[in-house]
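# Structural features, examined
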Amino acid sequence: MKFTGYKTIIALATIVFSLFNCYAAIAQINNSSIPHLIRQDNVVQLFVDDKPFIILGGELNNSSSSSLTYMQPIWKQVKSLNFNTLLTPLSWEQIEPQEGQFDFSLVDSLISNARQNNLHLVFLWLASWKNGMSSYPPVWVKRGYKKYKRAVIQNGQTQEVLSTFCEANRQADAAAFGALMKHIREFDGKQHTVLMMQVENEVGILGDSRDRSDAANAAFNAPVPQELITYLVKNKENLVPEIKSQWAQSGFKTSGKWEEVFGKGPDCDKLFMAWNYSGYVNEVAAAGKKEYPIPMYANAWLDGGNAKPGDFPSGGPLASVMDIWKAQTTAVDLFAPDLYASDYDERCQKFTQRGNTLFIPEMNSSDDGARNVFIAIGKYNGIGVSPFGIDHLSDADKSLFTKSYSILQQLSPFILKEQLKKQVAGFIVDEKTPVINYEMNGYRVEISLDELFGHRATIGYGVVMADGPGSFIGGGSGFRVRFFPLEKGSKSIIGIDGVTEGTFNNGEWVPGRRLNGDEDDQGRAWRFASWQVGIEKCSIYKYE
Ligand code: DGJ
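Residues numbered from 1 in each chain as written. Predicted model: local features only at pLDDT ≥ 70, side-chain atom pairs only at ≥ 80, totals over all residues. Heavy atoms only, no water.

Turning next to the pairing of strand β1 (residues 36-40). Both β1 and strand β2 (residues 43-48) contribute to a ladder of 5 bridges, which runs antiparallel. The partner of L37 across the bridge, within β2, is L46. What sits between β1 and β2 in their antiparallel hairpin is a turn of 2 residues, with D41 showing a positive phi close to 45°. (Pairing = 2+ DSSP bridges. Helix = DSSP H or I, 4+ residues; strand = E, 2+ residues; numbered from the N terminus.)

In structure tokens, the structure reads:
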């Protein structure tokens, strides 16, 4: 009797144990990690379903995703343009029409539609601010202006803009965002359609360099918060140059009011606003991350030219104030430029300062944009790019962008592998910069404007990377590649074994023409003709 009982217990335990194992196995299948960022050797990659992923995105016009009917034709259109991700506005007013009453039906339908079309989403949380203004808060916030206080600018003008200095504003926004992220976790925590969240849109004060409400004035005349001073002191040698030189004006003072520490003027005001916007945005992001910690970012309307703080939103997450934002934004993973400026490369460089991960949520969809994506991804290891207003793209814009995205989509696995070894070159060559040299795969790799029988292309662009010893793979248009030994004074000559064009079909290489004769300048160069945008493989050998 005693013996049988013991056997029964063992049998039951075995069943429970196997059931548990079985459950654990199923759970593991369904529970690949949620989207997250991993930094390895100073390269940050976005992991989706435990694999690195490059966002080939497109941002919708502001109001498109407010209507499912309006969206119906857009899903297919986007897919046909080789996008893998849609940046999709979500407005606070639609999600919390009455205080504390949430309606997530639109969110669920957008996610379901994205899944049906095999697309991912990045949601843009348009809440307290969008382009510096506050048109997206619900009516109960807009009308409740006595509780949800507004910013005041010069001459005492109250703005239709929520003030960062009002606790009720912060709490209401953070509570709504927290509820949204809880819902997204429940609806999408296993399928990972939603990859990231943009928190607010292009924050900052317009029309003045700082908020001049009573609460803002009190904070401005109080000592600079110790938390910020501690950060600045700790990072003094590595601060972005703009902050360092501004702080240097006071001899790097470590206490005092804002103007005592950073000097008087609009640039001081900009730092003050950056501290206050970053604190607010971080609180909203943190409330969301507590529920569902996928990557989150803040985007910036860029400065430039003679624009003064207030001409552009003062206090937004610009490269020039990155350290102020970094000092307290533990829940914000990266600062992203809305990059319409023509000095694309330099702006990318600025937004990779201080270890910032590059993501471009908005940019031009023109031919320039279609070339620039190779700079963001191939040169600066961007985790993604996204032209703006993709539901209204002209056919001309669609054409080149679609080709760039096709190349990037096919080459993403190679880029993601080789960027960890610093073996990827993303470039544009033009009349100003006709030749660029790289050290790659044990060779000097010279990339230049393509040229044949005296006819030179005017622009070339693309990506080239190592593909095993003596082998390279690349994609793009209008450039040629030559190889040289690295060793100084070496007499070796690097010859071309062969060049093949082709495509990747679900990761499988499908070779096309063997490129020889004029197509590789009689063996003198690996060419990417300017009349097409393609992928080619090249292998080389060395002779003395
Ligand atoms: C930048 C904003 O972030 C977008 O929402 C949109 O307003 C574009 N500007 C328009 O160019």
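Once that is clear, we can look at the nonpolar core. Among the nonpolar cores identified, the biggest contains 123 residues, and F123, W125, L180, M197, W258 and L411 are the most heavily contacted of them. For this core, the leading source of residues is helix α11 (residues 266-291), giving 11 residues. Taken domain by domain, this core gets at least three of its residues from each of domain 1 (36-219 + 264-413) and domain 2 (424-543). Residue contacts for L180: discarding those within four places in its chain leaves L90, I95, F104, V107, W125 and M197. Ranked by size, the runner-up nonpolar core spans 22 residues in total, among them F472, I496, L515 and W526. (Core = buried A, V, L, I, M, F, W, Y, C linked by side-chain atoms within 4.5 Å. Buried < 20%, exposed > 50% of the residue type's maximum accessible area, 1.4 Å probe, protein only. Domains from an automatic or database assignment. Contact = heavy atoms within 4.5 Å.)

The ligand sits among N62, K130, N131, N201, E202, D338, E362 and F388. At a separation of 3.3 Å, an oxygen atom of the ligand approaches a polar side-chain atom of E202. Residue E362 places a side-chain N or O atom 2.6 Å away from an oxygen atom belonging to the ligand. Protein chains bury 74% of the 300 Å² of accessible surface belonging to the ligand in isolation. Residues of the shell around the ligand, tallied by class, amount to 1 nonpolar, 3 polar and 4 charged. (Near = heavy atom within 4 Å. Polar contact = N/O pair within 3.5 Å; in protein donor to acceptor, adjacent residues only side chain to side chain. Areas by Shrake-Rupley, 256 points an atom, 1.4 Å probe, with all protein chains shown as cover. Nonpolar A, V, L, I, M, F, W, Y, C, P; charged D, E, K, R; others polar.)

A few words now on the sheet that holds strand β12 (residues 359-360). Judged by pairing direction, the sheet is parallel, and its 9 strands sit side by side in the order β12-β14-β4-β5-β6-β9-β10-β11-β13 without closing on themselves. Edge positions in the open sheet fall to β12 and β13 (362-363), since each of these has one partner strand only. Contacts from helix α6 (residues 167-188) reach β5 (85-91), β6 (120-130), β9 (194-201) and β10 (296-301), with the element oriented near 170° to β9. (Axes fitted to C-alpha atoms, helices over the stretch in contact; angles between N-to-C directions.)

This paragraph deals with the sheet that holds strand β16 (residues 435-440). Backbone-to-backbone hydrogen bonds join strands into a sheet, with any given pair of strands oriented parallel or antiparallel. As summarised here, the arrangement of the 4 strands in space is β16-β17-β22-β25, forming an open sheet in which the pairing is antiparallel. Strands at the two margins of the open sheet, each flanked by one partner only, are β16 and β25 (526-528). Each strand axis lies, on average, 25° off the axis of its neighbour in the sheet, ignoring direction.

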